[in-house]
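Survey of secondary and tertiary structure
Single-letter residue listing:
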Amino acid sequence: MDFKPEKKLGFGLMRMPHRDPSDAADVDIEQMCKMVDIFMERGFTYFDTAWMYNGFASESVAKKALVDRYPRESFTLATKLHSGFFDSEESREELFRTQLEHTGAGYFDYYLLHGIEGEMLKKYEQFNCFDWILEKKAEGLIRHAGFSFHDKPEILDDILTRHPEMEFVQLQINYLDWESEWVQSRACYEVAEKHGKPVIVMEPAKGGTLSQIPDEAKALFDELDPSVSVSSWAIRFAASLPGVMVVLSGMSSEEQVLDNTGYMADFKPLTDAEKDTCFKVADIINSQIAIPCTACSYCVEGCPQRIPIPKYFSLYNEDMRENLEEKGWTINFSNYDTISSKAGKASDCIACGQCEGVCPQHLTIIDYLKQVAAHYGK
């Protein structure tokens, strides 16, 4: 397609530098201007924001640090419509108008229906949002229409089959989630490829998780090239996939911008051997799990509370590998809510001990369920 940016690195305006770390909206505008300048001077043009990022300040920061300081045609700007912030066609229109005001952009190069999951999809379809986004494109207020996605590949396939007019899809792709039971990076990517849709990658370093890896995993990368950053392998892994248009990186310092733009300026895809090393690193990270459950499910059948124990443990293990202090929230909180709406919650455990009596791994399941309940009960 003819709308792909020249360079594959995008600036995610989600984890920007703060003056007050306790206030997500208190962004350091002066530092952001410097970071934007470095990014633009090095020939990168793609910026990604959203209505609720940085305590609802991200779109306004985009105006101050980017839109007000550079010619409109010199950069590309993406933002999103989230289902949680409108409940009528009128409030959707008001939200869109406010986004244009906050950014001062005049139009959006890329506009996405944000974070489609099963329940969110119902709302987007209830308000005919797929048709609405095309109407905005016809009006010249959107250049390219697509959506970001957090769900199963079968649902993605269904959406792209019913809505071939969508021009691109944004997916969570990284080497740790490539074969994840919940994220299913590879399977979702393959669906997008099947439909011929360019992919924008989010979470290539999994919220910083793949920037701070175990020493034994880092040693594998150092054997290949000790001069490059750990996070560069994650971003280059995603960028190496055919059909990937842009890889977003949520940068929060000038050092990160310099590093990312340095190795992505003259991007070279990973070799097969380098990709294999990424998967070996993933194996090391995955081996350091919080709950060593093998998902045999022996514990499930006799549970009087109908608690899907292995599924909850899988979600919890993934979250324990995340940089939760920085991210605060992961898609697994939604996954937990989805599962628990149809089964027992971790907090429903009555400590009968049936599960521990049949567990081949002799896990202290009751205690682990308390940890899961505390985590997802936040």
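See above for the structure.
Residues numbered from 1 in each chain as written. Predicted model: local features only at pLDDT ≥ 70, side-chain atom pairs only at ≥ 80, totals over all residues. Heavy atoms only, no water.

Attention shifts here to the pattern of salt bridges. All told, the structure shown has 19 salt bridges when counted by the stated rule. Notably, a salt bridge pairs D48 with K80, separated by 2.8 Å at the nearest N-O pair. With D48 in strand β2 (residues 46-48) and K80 in strand β3 (residues 76-82), this residue pair connects regions lying 32 residues apart in the sequence. Across this residue pair, the class does not change: D48 and K80 are buried. Between E190 and R186 there is a salt bridge, and its shortest N-O distance comes to 3.1 Å. With a gap of four residues between them, E190 and R186 both fall in helix α8 (residues 185-194), about one helical turn apart. (Salt bridge = Lys/Arg side-chain N within 4 Å of Asp/Glu carboxyl O. Helix = DSSP H or I, 4+ residues; strand = E, 2+ residues; numbered from the N terminus. Buried < 20%, exposed > 50% of the residue type's maximum accessible area, 1.4 Å probe, protein only.)

A few words on helix α1 (residues 29-41). Look at α1: 18 Å from first C-alpha to last across 13 residues, which is about the 18 Å you get at 1.5 Å a residue. Within the span of α1, buried status applies to M32, C33, M35, V36, D37, I38, F39 and M40. By the N-cap criterion, in which a side-chain oxygen at the helix start approaches the backbone nitrogen of a residue two or three places on, α1 is capped by D28, the distance to E30 being 3.3 Å. Just past α1, the residue G43 takes up positive phi, approximately 90 degrees. (Expected span 1.5 Å × (residues − 1). Polar contact = N/O pair within 3.5 Å; in protein donor to acceptor, adjacent residues only side chain to side chain.)

As a further point, take unusual backbone geometry. Of note, the phi angle at R306 is positive, near 55 degrees, even though the residue is not glycine. Secondary-structure assignment places R306 in the loop between α12 (272-287) and α13 (309-320). Look at R306 and you get exposed, because its relative accessible area is 53%. Not every positive phi belongs to a glycine, and A351 is a case in point at roughly 60 degrees. Here A351 shows up in the loop between α15 (331-340) and α16 (354-358). A relative accessible area of 46% places A351 in the partly exposed class.

Time to look at the sheet that holds β2. Spatial strand order, β1-β2-β3-β4-β5-β6-β7-β8: eight strands in a closed barrel with parallel pairing. The mean angle between the axes of side-by-side strands here comes to 30 degrees, regardless of whether they run parallel or antiparallel. Sheet topology places strand β4 (residues 108-116) next to strand β5 (residues 142-149); six bridges connect them, and they run parallel. Looking at the pairing, L113 lines up with F147 of β5. (Pairing = 2+ DSSP bridges. Axes fitted to C-alpha atoms, helices over the stretch in contact; angles between N-to-C directions.)

Our focus in this paragraph is the packing of aromatic side chains. For the structure shown, the criterion picks out 24 aromatic pairs. When the ring of F96 is compared with that of W132, the centres are 5.5 Å apart and the planes differ by 85 degrees; the resulting orientation is edge-to-face. Remark: W132 occurs in helix α6 (residues 129-138) and F96 occurs in helix α4 (residues 89-103); sequence separation between them is 36 residues. The exposure class assigned to F96 is buried, which follows from its relative accessible area of 1%. Ring pairs connect the aromatic residues Y175, W178, Y189, F221, W233, F237 and F279, which therefore count as one cluster. The residue whose ring lies beneath K7 is F44, and the NZ or CZ to ring-centre distance is 5.5 Å. The ring of F86 has K123 lying over it, and the distance from NZ or CZ to the ring centre is 5.0 Å. (Phe/Tyr/Trp six-rings, centres within 6.5 Å; stacked < 30°, edge-to-face > 60°. Lys NZ or Arg CZ within 6 Å of the ring centre and 35° of its normal.)

Before going further, it helps to spend a moment on the environment of P310. Within the secondary structure, P310 sits in helix α13. Not counting chain neighbours up to four residues away, the residues in contact with P310 comprise C293, A295, S297, C299 and V300. (Contact = heavy atoms within 4.5 Å.)

Together, E89, E90, D131 and E135 make up a region of like negative charge exposed at the surface. Counting only elements with at least two residues in the negative patch, the list comes to α4 and α6. Examined against the element boundaries, E90 turns out to sit in helix α4. (Patch = residues over 30% accessible without salt bridge, like charges linked within 9 Å, V, L, I, M, F, W, Y side chains within 5 Å. Areas by Shrake-Rupley, 256 points an atom, 1.4 Å probe, with all protein chains shown as cover. Lys, Arg positive; Asp, Glu negative; His and termini not counted. Charge placed at Lys NZ, Arg CZ, Asp CG, Glu CD.)

With that settled, consider the packing of helix α10 (residues 230-239) against helix α11 (residues 254-264). Look at α10 against α11: their axes get within 11 Å of each other, and the N-to-C directions meet at 45 degrees. With respect to their mutual orientation, α10 and α11 come out oblique. Helix-helix and strand crossings are classified by hand; for α10 and α11 the assignment is right-handed. The residues of α11 that touch α10, namely those facing S231, S232, I235, R236 and A239, are D259, N260, Y263 and M264. Each residue belonging to the contact of α10 with α11 can be placed in one class, and the counts come to four nonpolar, three polar and two charged. (Parallel < 35°, antiparallel > 145°, perpendicular 65-115°, else oblique. Left-handed = near helix turned anticlockwise from the far one by under 90°. Nonpolar A, V, L, I, M, F, W, Y, C, P; charged D, E, K, R; others polar.)

Nothing here speaks to function; it is all geometry.
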